[in-house]
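Fold and contact review
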Amino acid sequence: MLNIVLVEPEIPANTGNIARTCAATGSVLHLIKPLGFDISDKAVKRAGLDYWHLVDVKVYEGWEDFLARTGAQDFWLFSTKAPRSYAAARFSPDCYLVFGKETKGLPEALLAEHPQRCLRIPIRAEARSLNLSNSVAVAVFEALRQMEFPHLLDAGSMTSW
């Protein structure tokens, strides 16, 4: 099962879109506080996230809490500052794809501590970055492509149009 980790996400619509990607792919969504929004049942219903029940959401107090509770070792840190393209990585089942907050990305110290685990999505130099939910989708579907889309319906399994 693929794991998506959002470190201090700020924009509820981005997290909602990412949750939809998790629902569609069976990925687990890990949210590391502080969050810039409310994810209570009442708030989720008010936002019309009718797929929220399909998402396995786990919430942590901080990065250290996340590491302690998950034991995550196979993680990939996505950053516009990373020197290596995500296409060079070999993703494994149960790996963690880690993304930072919309305004600042991942903490510099975390990136410096794990330089071999840092990946970027190549874009034009003139563009600052992709939207967070778009970045997550790119990474998730590349990881799933490498794993041959386990448990997902793909065009090859369709019998007719």
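The name that an unreviewed UniProt entry assigns to the protein is Putative tRNA (cytidine(34)-2'-O)-methyltransferase, with the source organism given as Candidatus Avoscillospira stercoripullorum. Among the UniProt annotations of the protein, the heading Subcellular location (unreviewed entry) holds the following wording: "Cytoplasm".

This paragraph deals with the sheet that holds strand β6 (residues 118–119). The parallel open sheet is built from six strands, whose spatial order is β3-β2-β1-β5-β4-β6. The sheet terminates laterally at β3 (56–60) and β6, the two strands that pair on one side only. Where strand β4 (residues 75–78) lies against strand β5 (residues 96–99), three bridges are found, and the strand directions are parallel. Considered in β5, the bridge of W76 is made with L97.

Attention shifts here to helix α1 (residues 12–25). Here α1 is 14 residues long and its end C-alpha atoms lie 20 Å apart, about the 20 Å a rise of 1.5 Å per residue gives. Those residues of α1 that fall on the buried side of the exposure criterion are N14, T15, G16, I18, A19, T21, C22, A23 and T25. Those residues of α1 that are buried lie in contact with β1 (3–7), β2 (28–32) and α5 (132–146). Backbone geometry just after α1 places G26 at a positive phi near 75 degrees.

Definitions and cut-offs
Residues numbered from 1 in each chain as written. Predicted model: local features only at pLDDT ≥ 70, side-chain atom pairs only at ≥ 80, totals over all residues. Heavy atoms only, no water. UniProt positions renumbered as here; feature names shortened; annotations may be inferred. Pairing = 2+ DSSP bridges. Helix = DSSP H or I, 4+ residues; strand = E, 2+ residues; numbered from the N terminus. Expected span 1.5 Å × (residues − 1). Buried < 20%, exposed > 50% of the residue type's maximum accessible area, 1.4 Å probe, protein only. Contact = heavy atoms within 4.5 Å.

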